[in-house]
Amino acid sequence: MSAPGVFPPPSEFSATAYISSFQKYQELYESSVKDPSEFWGEIANDFHWRVPPTQPFLRYNFDVTKGKVFVEWMKGAVTNICYNVLDRNVYDKKLGDKVAFYWEGNEPGDAMSITYSELFKMVCKFANVLRKQGIKKGDRVSIYMPMVIELVVAMLACARIGAIHSIVFAGFSAESLCERIMDSHCCLLITADGFFRGDKLINLKQIADEALQKCAEKNFPMKKCIVSKHLGRDEILSDGLNKTSPPCKRQCPDLQGKTQEKTKRSHPQTPWNPSVDLWWHDLMKNASAECEPEWCDAEDELFILYTSGSTGKPKGVVHTAGGYMIYTAATFKYVFDYHQNDIYWCTADIGWITGHSYLVYGPLANGATSVLFEGLPIYPDVSRMWQIIDKYRVSKFYTAPTAIRLLMKYGDEPVKRYNRKSLKVLGTVGEPINPEAWLWYYNIVGEKRCPIVDTFWQTETGGHVLTPLPGATATKPGSATFPFFGVLPAILDESGEELEGEAEGYLVFKQPWPAIMRTLYGNHERFETTYFKKFPGYYVTGDGCKRDKDGYYWITGRIDDMLNVSGHLLSTAEVESALVEHSSVAEAAVVSHPHPVKGECLYCFVTLRDGHEFNSTLVNQLKILVREKIGPIATPDYIQNAPGLPKTRSGKIMRRVLRKIAKNDQDLGDTSTLADPAVIHLLFNNRCKTVL
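Criteria and thresholds
- Each chain has its residues counted from 1, running along the sequence as written.
- Whole-chain, interface and lining totals are the exception, using all residues; otherwise, since this is a predicted model, local features are given only for residues with pLDDT of at least 70 and side-chain atom pairs are given and counted only at 80 or more.
- With hydrogens and water stripped out, all remaining heavy atoms of the structure feed into the side-chain values.
- Buried residues are those whose accessible area, probed at 1.4 Å on protein chains only, stays under 20% of the maximum for their type, while exposed residues exceed 50% and partly exposed ones sit between those limits.
- Helix and strand definitions follow DSSP, with helices as H or I runs of at least four residues and strands as E runs of at least two, each counted in order from the N terminus.
- The pairing criterion is simple: DSSP has to find at least two bridges between the two strands.
- Whether two aromatic rings pair depends on their centres lying within 6.5 Å, for rings of Phe, Tyr and Trp, where Trp uses its six-membered ring; planes under 30 degrees apart make the pair stacked, over 60 edge-to-face, and the rest tilted.
- In the analysis that follows, any N or O atom pair within 3.5 Å is treated as a polar contact, provided that within protein one partner can donate a hydrogen and the other can accept it, and provided that, for residues neighboring in sequence, both atoms belong to side chains.
- Contacts are assigned to residue pairs that have any heavy atoms within 4.5 Å of one another.
- Any Lys or Arg side-chain nitrogen located within 4 Å of an Asp or Glu carboxyl oxygen qualifies as a salt bridge.
- Disulfides are defined in this document as cysteine sulfur pairs within 2.5 Å.

(A) The pairing of strand β22 (residues 503-509), seen in detail. Within β22, six of the seven residues are buried, which leaves the element mostly enclosed by the surrounding structure. Where strand β21 (residues 489-492) meets β22, four bridges bridge the pair, whose relative direction is antiparallel. Bridge pairing links isoleucine 491 to leucine 507 in β22. Taken together, the six bridges between β22 and strand β24 (residues 539-547) define a ladder with antiparallel strand orientation. Note that in β24 the partner of phenylalanine 509 across the bridge is tyrosine 539.

Below, the structure written as structure tokens:
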């Protein structure tokens, strides 16, 4: 994979960065992998421990042939992560009056802020609510909420009393919610009445009721469901969050000091089952604002988060309190080079691991001020994200390549309408970013002055594992660059041999870092089989990877998204990156298609920019482009016009569905997470009937 240039960190940025040179990174990295206990022990000293960690910090086995796979960091040490992100900030660091979150609603002008002291009070009150409902240490609590402050309060309240939260993305279906509730044996559900996503009303409580009905039909009745009024919060008054708060005092320049009026929307009456349902605001009225935390072992479970499985059954990834706390805090501090005057914005939903690690736990552990955004990047217009950056003077911005490519389609003018002078670091997460999108992000959004941190990690890793450090790493567009502290990657061939120097193969890790997953909830055997059986002694990411002559790592996509064409392993991500370099192409997705001679061939879906036409001339140009960028073996057999791509509500392309469309297989399986079902019919109609 070629890189269009190398971009060193700006010298003025490096001058004030925590890691100010690549030499300093290398020195710290060497010490972190040679003596991880000492390295992470120093970081752990910054936190509060009721019982401090003692040596040895780390015990583990990655080799399934030598017994049970396990990882233990600081086992026997006692702490509470909620205490560390709230009590410690309010009392020890004196940050009580500092804003923890600026909440920006779906509609411009619908905004509020909450300080660390206010958040602390709300969390303690809700923790007492949970205890009064019988929730105790080790119980699982399911949370199904939109991007509101109450979601943060709920998860931190669980952590405070030692309950295990299982957050389900609010875009998932009733069936998906039911499946996750039952798999983790949750004993309480927390949800909201509903929310608007753009112009679309999501009646969340109705979906939650359907899920609970499905649970009951499967002999798993839920005793209680706590409901927060979000749509109807104007109708109630309570101290704290369930009232309309004034917009943030920092007004966007084009408002000229005026307050935007919130769009008034009607909403349906909330369905209610008095034997199960409880209003959040009623429970909070008389709850005490003092709550002693439950002190937990560092290896006690903190949360379960479900991720897709190749079998179709989601995997309940388990993270524990101590190691996850110090790792997310350290990665947040160093990867974003966070300083106390920064305003940070991660656009991810809290229902995903990015929201857990880099919108809640990592930032709060550093006493950060963050933006929590409920809305859509192009609602009510395509400048919304840049307007928010100017409004709050965001300095560190973290988003997905999908969002970047979406905004690219609308050109430079909506970006340049706002000054964005506050920006210092830009980040990407979720998938490999193609160089064209990287360069647009760098040149247009960051005006060539903001380092880009292209982070690679997974739900299973808990935090960044390959990433640039903005003051130290010279970046190459599309490369995740080098490992974070304590992370020891390797590239293996199909036989499990480690490859040195320039190489391409399976990305694995040779030793654990503090935030690595500990198991899959209720299924340790699947944990071992999925991540450790293929190459005993290594954690197997499931991703392909290339290391170039300079030692930079390039993620080439999921191994199951790689194709074996005439004996050659091809990365779908690499082909997609080549296709989107064409000026007519906004987005591309590549899947395998059966071929009588090659075994597999490439079937490409391309979404064009506005004003461009799909025709045979364009198809030929795209084939030539791929041949030139990768080689003749990668020449696509099929290129289909795709006005839209099937995506989940979080923006990920559903390649499983695309593979079905390519083969004209109408049995698509579960499409409940599909954001726009109408695109399926369109893609089937546009199918390539013959090789173009």
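Let us keep going from here.
(B) Region of interest: the packing of aromatic side chains. Applying the stated criterion to the full structure yields 49 aromatic pairs. Ring centres 5.4 Å apart and planes at 45° place the aromatic pair tryptophan 40 and tyrosine 327 in the tilted group. In this pair, tryptophan 40 is assigned in helix α3 (residues 36-44) and tyrosine 327 in helix α10 (residues 321-335), connecting sequence segments 287 residues apart. Residue classification places tryptophan 40 among the buried residues on the basis of a relative accessible area of 0%. For tyrosine 327, a relative accessible area of 0% puts it in the buried group. Seen in terms of ring centroids, phenylalanine 303 and tyrosine 324 are 5.1 Å apart; in terms of plane orientation they differ by 80°. Their pairing is edge-to-face.

(C) Molecular detail of unusual backbone geometry. Of note, the bond from glutamine 55 into proline 56 is cis; its omega dihedral lies within 30 degrees of zero at -5°. Here proline 56 shows up in the loop between α3 and β1 (58-61). The omega torsion of the bond from tyrosine 379 to proline 380 falls at 0°, within 30 degrees of zero and hence cis. Backbone geometry at methionine 74 places phi at a positive 60°, although glycine is not the residue there. Mapped onto the secondary structure, methionine 74 falls in the loop between β2 (70-73) and β3 (78-79). Classification of methionine 74 as buried rests on a relative accessible area of 1%. Backbone geometry at threonine 481 places phi at a positive 65°, although glycine is not the residue there. Along the chain, threonine 481 falls in the loop between β20 (452-454) and β21.

(D) Representation of helix α15 (residues 435-445). For α15, the tally of buried residues reaches eight of eleven residues, placing the bulk of the element in the interior. Positive phi shows up at glutamate 447, right after α15, with a value of about 50°.

(E) Spotlight on the side chain of histidine 319. Position of histidine 319 among the secondary structure elements: in strand β15 (residues 315-320). At 2.8 Å, the side chain of histidine 319 forms a polar contact with the backbone oxygen of threonine 459. Setting aside its immediate chain neighbours within four residues, histidine 319 contacts Glu301, Leu302, Phe303, Tyr324, Ile353, Thr459, Glu460, Thr461, Gly462, Ala515, Ile516 and Met517.

(F) Structural detail: the pattern of salt bridges. The final tally for this structure, using the stated rule, is 33 salt bridges. A salt bridge links glutamate 447 to arginine 420, with the shortest nitrogen-to-oxygen separation between them at 3.7 Å. Taken together, the positions of glutamate 447 in the loop between α15 and β20 and arginine 420 in the loop between α14 (413-416) and β19 (425-428) put the pair 27 residues apart, joining distant regions of the chain. For glutamate 447, a relative accessible area of 29% gives the class partly exposed.

(G) Just the state of the cysteines, in detail. According to the stated counting rule, one finds zero disulfides in the structure shown. Lacking any disulfide linkage, cysteine 346 is separated from the closest cysteine sulfur, that of cysteine 450, by 17 Å. Assessed through its relative accessible area of 1%, cysteine 346 is described here as buried. Considering cysteine sulfurs only, cysteine 604 is the nearest to cysteine 688, which forms no disulfide, with 9.1 Å between them.

Everything listed is a geometric property; what it means functionally is a separate question.
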